[in-house]
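Each chain, letter by letter, is given below.
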Amino acid sequence: MTAKPATAAVRATVYGYPRQGPNRELKRAIEGYWKGRVTADALRATAAELRRSNWRQLADAGITEVPTGDFSSYDHVLDTSVMVGAIPARHREAVAADALDGYFAMARGTQDVAPLEMTKWFDTNYHYLVPELGPDTVFTADSSRQVAELKEALALGHAARPVLVGPVTYLLLAKPAPGVAAGFDPLTLLDRLLPVYAEVLADLRAAGAEWVQLDEPALVQDRTPAELNAAARAYRDLGTLTDRPKLLVASYFDRLGDALQVLASAPVEGLALDFTERAAANLDDLAAVGGLPGKRLVAGIVNGRNIWINDYQKSLATLATLLGLADRVDVAASCSLLHVPLDATAENDIDPQVRRWLAFARQKTAEIATLARGLAQGTDAIAAELAANRADLASRAESPITRVPAVRARVEAVTDTDGRRSQPYAERAAAQRAHLGLPLLPTTTIGSFPQTDELRVARADLRAGRIDTASYEERVRDEIREVLSFQEKTGIDVLVHGEPERNDMVQYFAEQLDGYVATQHGWVQSYGTRYVRPPVLAGDISRPEPMTVRWTTYAQAQTAKPVKGMLTGPVTMLAWSFVRDDQPLGDTARQVALALRDEVNDLEAAGTSVIQVDEPALRETLPLRAADHPGYLAWATESFRLTTGGVRPDTQIHTHMCYAEFGDIVQAIDDLDADVISLEATRSHMQVARELAAHGYPREAGPGVWDIHSPRVPDAEEVAGLLRTGLRAIPAERLWVNPDCGLKTRGWTETRASLENLVAAARAVREDLPADNG
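So, here's what we can say about the structure. Quick caveat, the model's predicted, so the values are computed rather than measured. (Residues numbered from 1 in each chain as written. Predicted model: local features only at pLDDT ≥ 70, side-chain atom pairs only at ≥ 80, totals over all residues. Heavy atoms only, no water.)

### Describing the overall build of the chain
Link 1 in the chain: When you go through the chain residue by residue, the secondary structure sums to 28 helices and 21 strands.
Link 2 in the chain: Its C-alpha atoms put the chain at 75 × 60 × 50 Å along the principal axes.
Link 3 in the chain: Counting only residues that meet the buried cut, the chain has 61% of its 774 residues in that class.
Link 4 in the chain: Looking at charge distribution, the chain has the averaged site of its 82 positive side-chain charges lying 2 Å from that of its 105 negative ones. (Helix = DSSP H or I, 4+ residues; strand = E, 2+ residues; numbered from the N terminus. Buried < 20%, exposed > 50% of the residue type's maximum accessible area, 1.4 Å probe, protein only. Lys, Arg positive; Asp, Glu negative; His and termini not counted. Charge placed at Lys NZ, Arg CZ, Asp CG, Glu CD.)

Here is the structure:
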C-alpha cells in the first residue's frame, strides 16, 4: 500500500551534529592550544573548517535545514552562560583579559581558580558545566558567537536554524553560586533573563535567521505547577515579541507530559518532539491536546542516542499519523546527534553482517532524508530503501548472535540468594578490618593512572605490528611496577595497578566478552576534549575466559599492600555502550552481571582481597520521570549485587560513582550493599557526604578530595579542609581518602604532586583525631 504523501514540502533537519571531526581534529587543536603548540587563530580556523564540513555533509545527505550554534569548543551550556553573561566572579578577570583563556578557565579551572561544577546532561554520558547563579546575578547579552556561526552557514548557501539552550532549561540546570544560600532557586531569575534572550533573538533575526530553536529538555522531567507556569510565562513573553524570528521549542529524551499543553498553547510557531520508543506517549498526548493547528511540528523519529538502524515502516506509520495533527510535519532525529559516532562505514573491522544493523550520525542523516522523502512523495519514491531496510532488520532479528540459549538458561536459573552477601555488613566490616589492617582514613585511588606517551606508543606499535606481544607486555609490566613503587613511596594504603593494559573502562571488558562489538573510530564526546568509544552490545553476553586476573595477580605479587581488583559494573557496561534495543534492559544487565560475577570470583580465588566494581553510570541512567525510577533501580541494584554477591565476608567490595546528582539515589546506593563507595565530591564541596549522612548511610565512603578533571594541583591544606568537612558527616572509622575519579587523563607531574598532598593531608587530619578514634 502506498502511503499518502504530505501536501507540503517536508524539511529534513537535525538539532546538532558531532563536533570532533572524523579524526578528532577539534580535540587535537584544543589540547594543542592548551600546551602552547597551537595558536588561538589556528584553533579558530580548525573549528570553522569543521563547522563548514559538518554543514556540507548534512546538505549532501539531504538535510534541508542545518543547525548552527550547536558547535562548541567545550560545552554548549557553558556557551550559553557566556551568551547571557553569567560569568562567575572568580572568572571575570580571566575572561576580561582573554575571552578564550577565560572560557577554558571556567571549564577546567587554573592553579588558582576552581572551574565550574560538571555533571551529566540528563541521562546521557555527556557532561555539561553547571551555571552558577545567585540573587545578585546580572545577565547581559553576548550573541556574537551565535550570530557569527549563523552568518557562516548562510554565506555558504545553507538554510540554517540557530539552536540555543532555552531559558527555562538553562535556569533549571543551574545551581546557587558559592556563598549563595542553598535554598536559592535560579528560576526566580527568569524575568531578568528573558530580556537577554529577547536581545539575542533580535540579533539573530537581524543576521538572517528565519527560525531559532530553543531547547527545553528539562520540561520532559517531572515539573511542579510553578515551573510549568514559568515555562508558560517565558514563551508567552518571547512569543509576543515583535522583533524576533519564528520560534521552534524543542524537547527530547522523554515524553513532555503536562508541559505539552503549556507549549502547544504558547504563541510560538513550532514544537519539536521526541517520537522514539522511550517517548512514544507523545503521540497520544499530542492528539489529546488537539494537535498543533497552525504550527510546525518537527518529529524526532530517528533515534539520536542509539546506533541501530531505523525501522522505516514503523516510522512512516507514525509520521502519517502526525500529518493530521499539525499544519506541517518535518523529520528529524530525536535529539542532537552529538551522542552517536560519526560514520559507521569507517568500521572495517566489524562483521559486515553486524555493520548492516548500525547507523551512526552520517547514516542517521540519510535515514532522516529518506523518511522525509517518503513522507513528502509517498512510499513508492523510496521503495528500494524500504526493501533494503526490511532485509537488514530481518538479518538482525534472525542472527544467532542475538540469542544464545546457554546464556538465557543461566539467567533463568538465578535465585534471590545469588544476589546477597553471606553476612550482613557489620560482620563483614569486622572481618575486613582484621584481614586488611588498614589505618583510619585509609588512602587509595580510583583505579587508573596516567597513560604515558610511551605506553600509547607501545600500544600503537603492537596494533601496527612493529612490536610483538611479548615486548608490549613487558612495557605493561614496567608501568605496573612504576605505579606500585610510586604508591608505596607516597604511603598510599590500598594500591591499584594503574590499568596500563586498558584502553577504556568499558571497551576493555567489551572486547573480551562475547556478544559485544568494539569500534575503531566510534568516538563520542563525554566532556570537553574527552572522547570515548562506546562498544556495541549486539547480542547475548558471556565471558569466555578471565579478563583481569592475570595483571591483578602480577601486581599483587610485587607488594605486601593490598591491590584492588578493578572491574566496571553491569549498569555502566550498559550505559556507556550502545545497548541492544530488542529486549528489556534488565535482561541485558543480568547477562552482563553473571559474566562479571565469574570475574569477581576468579579474582578472589587468585588472592585479591579488595575488589572495586565501578558504577559511575548508576545515577545517569536513572529515568527522567519519577514514575519510572522504581523499576529501573530494582534491576540496576540487583545486577550489582548479582555481580558481587558470591564473595567471602572478608573480601572488601568497593564501588565508585562520579559527576552526577546523588541525592535522589542514596537509597539505591545503600541497596548496592557495597562495603566502600567512593564518589565525586570536590566541585560540589562535599555535598554527597552530607547527603549520605542525612540518609543514615551505614557503610564506608570516600567522597573525593581532588578534582581530577582540572589540571590544578590542590595543596595539602585544601585537601585537609575537604577531609574535615567530610568528617562532619561521616565518622573517621568509615571515611576513606581518595580522588574524585581515575587518573588516566592526568599527567604524571600533577598526579605525583596531588597524591603526595592527599596522603600528607590524610596523615595530618588523622593526627588531629581524638584519641578514642586512634
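### Quick notes on the environment of L271
Link 1 in the chain: Within the secondary structure, L271 is located in strand β10 (residues 270-274).
Link 2 in the chain: Taking C-alpha positions, L271 is 29 Å from A48, a pair spaced 223 residues apart along the chain.

### A word on the sheet that holds β10
Link 1 in the chain: If you walk across this open sheet you meet the eight strands as β1-β12-β11-β10-β9-β8-β6-β2, and the pairing is parallel. Edge positions in the sheet fall to β1 (12-13) and β2 (66-68), since each has one partner strand and no second.
Link 2 in the chain: Taken strand by strand, helix α14 (residues 361-377) contacts β1, β11 (292-302) and β12 (326-333), and its axis lies near 155 degrees from that of β12. (Pairing = 2+ DSSP bridges. Contact = heavy atoms within 4.5 Å. Axes fitted to C-alpha atoms, helices over the stretch in contact; angles between N-to-C directions.)

### Quick look at the pairing of strand β6 (residues 160-165)
Link 1 in the chain: Burial within β6 is extensive, with six of its six residues counted as buried.
Link 2 in the chain: Residues A160, P162 and L164 point to one face of β6 and R161, V163 and V165 to the other, with burial holding for every one of them.
Link 3 in the chain: Pairing of β2 with β6 involves three bridges; the strand directions are parallel. What sits directly across from V66, in β6, is A160.
Link 4 in the chain: When β6 meets strand β8 (residues 211-215), the two strands line up parallel, connected through three bridges. Paired with V163 across the two strands is Q213, which belongs to β8.

### A few points about the sheet that holds strand β18 (residues 610-614)
Link 1 in the chain: With parallel pairing, the five strands of this open sheet are ordered in space as β17-β18-β19-β20-β21. The sheet is open, and its two edges are formed by β17 (565-568) and β21 (700-703), each paired on a single side. Ignoring which end each strand starts from, the neighbouring axes of this sheet average 20 degrees apart.
Link 2 in the chain: The sheet contact formed by strand β19 (residues 652-657) and strand β20 (residues 676-679) spans four bridges and is parallel. Looking at β20, one finds that T655 is bridged to I677.
Link 3 in the chain: Lying over the sheet, helix α24 (residues 629-644) contacts β18 and β19, oriented at roughly 145 degrees with respect to β19.

### Let's talk about the pattern of salt bridges
Link 1 in the chain: Per the stated rule, a full pass over the model turns up 66 salt bridges.
Link 2 in the chain: A salt bridge links D79 to R145; the nearest nitrogen and oxygen atoms lie 3.5 Å apart. Of this pair, D79 sits in helix α3 (residues 76-83) while R145 sits in helix α6 (residues 144-155), and the two are 66 residues apart along the sequence.
Link 3 in the chain: By relative accessible area, D79 is classed as buried at 5%.
Link 4 in the chain: The partner of R648 in a salt bridge is D650, and the shortest N-O contact between them spans 3.1 Å.
Link 5 in the chain: Classification of D650 as partly exposed rests on a relative accessible area of 21%. (Salt bridge = Lys/Arg side-chain N within 4 Å of Asp/Glu carboxyl O.)

### Description of helix α12 (residues 312-322)
Link 1 in the chain: Residues Y312, S315, L316, T318, L319 and L322 constitute the buried set of α12. In a view along the axis of α12, the buried residues occupy a sector of 160 degrees, so they form one face of it. For α12, the exposed residues lying more than 90 degrees away from the buried face are Q313 and K314.
Link 2 in the chain: For α12, the secondary structure elements touched by its buried residues are α11 (281-288), β11, β12, α14 and α15 (383-398). (Arc of directions from axis to C-beta.)

### Details of the nonpolar core
Link 1 in the chain: Of all hydrophobic cores here, the largest spans 118 residues; its most connected members are F139, Y170, Y235 and L319.
Link 2 in the chain: Per element, the largest residue contribution to this core is eight residues, and it comes from helix α8 (residues 190-206).
Link 3 in the chain: Residues contacting Y170, with those up to four places away along its chain left out, are V77, T80, S81, V84, A86, P131, L133, F139, V165, L193 and Y197.
Link 4 in the chain: I653, Y697, L722 and L769 belong to the second largest nonpolar core, which has 92 residues in total. (Core = buried A, V, L, I, M, F, W, Y, C linked by side-chain atoms within 4.5 Å.)

### Quick notes on the packing of aromatic side chains
Link 1 in the chain: Taken as a whole, this structure holds 15 aromatic pairs when the rule is applied.
Link 2 in the chain: Geometrically, the ring pair formed by W34 and F104 is edge-to-face, given 5.4 Å between the ring centres and 90 degrees between the ring planes. Of this pair, W34 sits in helix α1 (residues 25-34) while F104 sits in helix α5 (residues 99-108); the two residues are 70 residues apart in sequence, bridging distant segments of the chain.
Link 3 in the chain: For W34, a relative accessible area of 25% corresponds to the partly exposed category. (Phe/Tyr/Trp six-rings, centres within 6.5 Å; stacked < 30°, edge-to-face > 60°.)

### Topic: the packing of helix α23 (residues 585-605) against α24
Link 1 in the chain: Contact geometry for α23 and α24: axes closest at 7 Å, N-to-C directions at 20 degrees. The angle between α23 and α24 falls in the class roughly parallel. Here the hand of the crossing between α23 and α24 comes out right-handed. Where α23 approaches α24, its residues L585, G586, A589, R590, A593, L594, L596, R597 and V600 are matched on the opposing element by W635, E638, S639, R641, L642 and T643. (Parallel < 35°, antiparallel > 145°, perpendicular 65-115°, else oblique. Left-handed = near helix turned anticlockwise from the far one by under 90°.)

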